[in-house]
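What follows is the residue order along each chain.
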Amino acid sequence: MSPRELVVLGTAGQAPTRTRNHNGYLLRWDGTSVLFDPGEGIQRQMLHAEVSAPRIERICVTHRHNDHCLGIPGVLNRMAQDGPGRPVTLHGPVDAFEHLRALAVVAAAHVAVTVEGVPTLDEPVDVAEVAGCRLTAQALDHRVPTIGYRLAEPAGRSFDADALAAAGISGRDVGELARRGELRGVRLGDVSVQRPGQVFAFVMDTRLCPAVEEVVRDADLAVLECTYADRDADLALSRGHLTARQAGLAAARAGVRTLVLAHFSQRYPDLEELGLEARAAIAEVGAGTTVHVARDLDVVAVPPRRHPAPVSRAS
Ligand SMILES: [Zn+2]
């Protein structure tokens, strides 16, 4: 099965540095690829990361600031060159629609591009279906309209081989039981348990607000911006960003399993401080969230599935 993983193409917010390219994140998910917030220079970062441009089906943009979308023309050109590419859809807040359309026009690439504006609402809005999973977006709180994205796999079922054997159910009857919920007096719950679907979440430029936790709730892998350290919390508030401490607290309270910190200000050449801050915040909450301080070209795997509870046998 194709891996589910995040390829970090760049980690700089605002301005790139000698060691950090502008933002850009590619999610590989069951053979499809979704590119999030490609800033300037992402075409070249894709070469370094050995990312195939024609595989990208969607480009999801959180807001219209240029460190999150100036890479679109280059990526579209690359897709046309490397073709035959699939048609690509650009998603972004309604507010960014004209900006995204202009970037697609500038590219003048021979790729079929559709631009779709996403309403900026306080509750989740359906964006698309990606490999059988639901991609939604929800408003966050930045200086311009901004949305966070959440990709959620529907819950499945895990069958217990021993319980099936004991109940005398095998072969096609297993599918029949799954469809009907009951077969020859055996209930689905007697021989199987619900398996939680995996969740990926993506939160860029935002002040701390309740929607941050809502977007990343129970995510297996969540990318959160952390532009500032907590000593610059006043700047974070006035410019509409998170500190590393805030990102850590939000992820811990929301039950995130792996937190990827990204979108760093150029004022922090050493990111160790930010990682320590987020980990300290998570320890305060007592959560088990793992922190990954992203570096350009890192590949971060979606953690293995949560194990469902064993089938409880009726006595
Ligand atoms: Zn930014």
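Here the structure is shown first, and the text comes after it.
Described in the following lines is the structure provided in the data block. Everything quoted here is computed from the prediction, not taken from an experiment.

## Some thoughts on the overall build of the protein chain
Next, step 1: Within the protein chain, the regular secondary structure consists of ten helices and 18 strands.
Next, step 2: Taken over C-alpha atoms, the radius of gyration comes to 21 Å for the protein chain, in line with the 20 Å a tight globule of 315 residues would show.
Next, step 3: Dimensions of the protein chain along its principal axes, counting C-alpha atoms only, are 65 × 50 × 35 Å.
Next, step 4: Carbon and sulfur atoms make up 49% of the accessible area of the protein chain, which amounts to about 13800 Å² in all.
Next, step 5: Placing the 34 positive and 39 negative side-chain charges of the protein chain at their respective mean positions leaves the two points 3 Å apart.

## Topic: the coordination of the zinc ion
Next, step 1: For the zinc ion, the full set of protein donor atoms is Asp67 (OD), His68 (NE2), Asp205 (OD) and His263 (NE2), and the range of their distances to it is 2.1 to 2.2 Å.
Next, step 2: Considering all four donor atoms around the zinc ion, the spread of angles at the metal, 93 to 161 degrees, places the coordination shape in the irregular class.
Next, step 3: Along the chain, the residues donating to the zinc ion fall in the pattern D-H-x136-D-x57-H. Taken as a pair, Asp205 in the loop between β14 (199–203) and α7 (210–216) and His263 in the loop between β16 (258–262) and α10 (272–285) lie far apart in primary sequence, 58 residues in all. The exposure classification of Asp205 matches that of His263, with both residues buried.

## Concerning the pairing of strand β6 (residues 113–118)
Next, step 1: Both strand β5 (residues 88–93) and β6 contribute to a ladder of six bridges, which runs parallel. In the strand pairing of β6, His91 is matched with Glu116.
Next, step 2: For the crossover that starts at β5, traverses helix α3 (residues 97–107) and ends in the parallel β6, the hand is right-handed.

## Regarding the pattern of salt bridges
Next, step 1: If you walk through the whole model with that rule in mind, you get 19 salt bridges.
Next, step 2: Note that Asp30 is salt-bridged to Arg4, the shortest N-O span being 2.8 Å. Of this pair, Asp30 sits in the loop between β2 (24–29) and β3 (32–36) while Arg4 sits in the segment before β1 (5–10), and the two are 26 residues apart along the sequence.
Next, step 3: For Asp30, a relative accessible area of 25% gives the class partly exposed.

## With respect to the nonpolar core
Next, step 1: Core analysis: the largest hydrophobic core is formed by 35 residues, its most contacted members being Val216, Leu224, Val256, Leu259, Leu261 and Leu274.
Next, step 2: Here the element with the most residues in this core is helix α9 (residues 244–253); it accounts for five residues.
Next, step 3: With residues up to four places along the chain from it excluded, the contact list for Leu274 reads Cys226, Tyr228, Ala229, Ala244, Leu261, Phe264 and Tyr268.
Next, step 4: Among the nonpolar cores identified, the runner-up in size contains 29 residues, and Tyr25, Val118, Val125 and Val130 belong to it.

## What about the state of the cysteines?
Each disulfide consists of one covalent bond between the sulfur atoms belonging to two cysteines.
Next, step 1: Within this structure, the stated rule accounts for zero disulfides.
Next, step 2: Cys133 carries a free sulfur, and the closest cysteine sulfur to it, the one in Cys60, is 13 Å from it.
Next, step 3: Free of any disulfide, Cys226 has its nearest cysteine sulfur in Cys209, 16 Å distant.
Next, step 4: A relative accessible area of 0% places Cys226 in the buried class.

## Some thoughts on α3
Next, step 1: What α3 keeps buried is the set Leu100, Leu103, Ala104 and Ala107. Down the axis of α3, the buried set is contained in an arc of 100 degrees. They therefore lie on one face. For α3, the exposed residues lying more than 90 degrees away from the buried face are Val105 and Val106.
Next, step 2: Of the residues flanking the end of α3, it is Ala108, one or two places downstream, whose phi is positive at about 45 degrees.

## Some words on the packing of aromatic side chains
Next, step 1: Under the definition given, this model contains four aromatic pairs.
Next, step 2: Ring geometry for Phe36 against Tyr149: centres 5.8 Å apart, planes inclined by 65 degrees, an arrangement best described as edge-to-face. Of the two residues, Phe36 sits in strand β3 while Tyr149 sits in strand β9 (residues 147–152), which places them 113 residues apart along the sequence. Accessibility classification places Phe36 together with Tyr149 in one group, the buried group.
Next, step 3: Through successive ring pairs, a cluster of aromatic residues spans Tyr25, Phe36, Tyr149, Phe200 and Phe202.
Next, step 4: Seen from the ring of Trp29, Arg4 lies directly overhead, with NZ or CZ sitting 4.1 Å from the centre.

## Quick look at the sheet that holds β3
Within a beta sheet, neighbouring strands are joined by backbone hydrogen bonds and run either parallel or antiparallel to one another.
Next, step 1: The sheet built from seven strands is open, its strands ordered β6-β5-β4-β3-β2-β1-β18 with mixed pairing. At either margin of the open sheet sits one strand with a lone partner, and together these are β6 and β18 (299–301). Mean inter-strand twist for the sheet, computed between neighbouring axes without regard to direction, equals 20 degrees.
Next, step 2: Sheet analysis places β2 next to β3, joined by five bridges and oriented antiparallel. Paired with Trp29 across the two strands is Thr32, which belongs to β3.
Next, step 3: Across the face of the sheet, helix α1 (residues 42–49) comes into contact with β1, β2 and β4 (56–60) while running at roughly 130 degrees to β1.
Next, step 4: Strands in contact with helix α2 (residues 72–82) are β3, β4, β5 and β6; relative to β4, the strand with the most contacts, it is inclined by about 175 degrees.

Here is what the cut-offs are and how they apply
Numbers given to residues run from 1 along each chain, matching the order in which its sequence is written. Two thresholds apply to this predicted model, a pLDDT of at least 70 for residue-level local features and 80 or more for giving and counting side-chain atom pairs, whereas whole-chain, interface and lining totals are computed over all residues. Processing note: side-chain calculations cover all non-hydrogen atoms of the structure and skip hydrogens and water entirely. For helices the rule is a DSSP run of H or I covering at least 4 residues; for strands it is a run of E covering at least 2, with both sets numbered from the N terminus onward. Atoms counted for the radius of gyration: C-alpha only. Globule rule: 2.2 Å times the number of residues to the power 0.38. Here the open area of atoms and residues is found with the Shrake-Rupley method and a 1.4 Å probe, where only the protein chains shown may cover a residue. The positive count covers Lys and Arg only, the negative count covers Asp and Glu only, and His and the chain ends enter neither. Charge coordinates come from a single atom per side chain, which is NZ of Lys, CZ of Arg, CG of Asp or CD of Glu. Coordination shells were defined by N, O and S atoms within 2.8 Å of each metal, extended to 3.2 Å for Na, K and Ca; water is absent from the atom set, which can make sites look incomplete. All geometry calls rest on donor angles, where a four-donor set with angles between 85 and 135 degrees is tetrahedral, four- and six-donor sets with opposite donors more than 155 degrees apart and all others between 65 and 115 are square planar and octahedral, and all else is irregular. Relative accessible area decides the class of each residue, using a 1.4 Å probe on protein chains only: under 20% of the type maximum gives buried, over 50% gives exposed, and in between gives partly exposed. When DSSP finds at least two bridges between two strands, those strands are taken to pair. Orienting the strands away from the viewer, one traces the path from the first strand over the helix to the second; a clockwise path indicates a right-handed crossover. Definition used for salt bridges: Asp or Glu carboxyl oxygen within 4 Å of a side-chain nitrogen of Lys or Arg. Residue types Ala, Val, Leu, Ile, Met, Phe, Trp, Tyr and Cys, when buried and joined through side-chain atoms within 4.5 Å, form a set referred to as a nonpolar core. Residues are treated as being in contact if the distance between any of their heavy atoms lies within 4.5 Å. A pair of cysteine sulfur atoms is labelled a disulfide when the two atoms are within 2.5 Å. Along the arc lie the directions from the helix axis toward the C-beta atoms. In this scheme Phe, Tyr and Trp rings, the latter by its six-membered ring, pair at centre separations within 6.5 Å, and the angle between planes marks the pair as stacked below 30 degrees, edge-to-face above 60, and tilted otherwise. A ring is considered to have a charge above it if a Lys NZ or an Arg CZ atom is located within 6 Å of its centre and within 35 degrees of its normal. Axis lines are fitted through C-alpha atoms, for helices just across the contact stretch, and the angle between N-to-C directions can take any value from 0 to 180 degrees.

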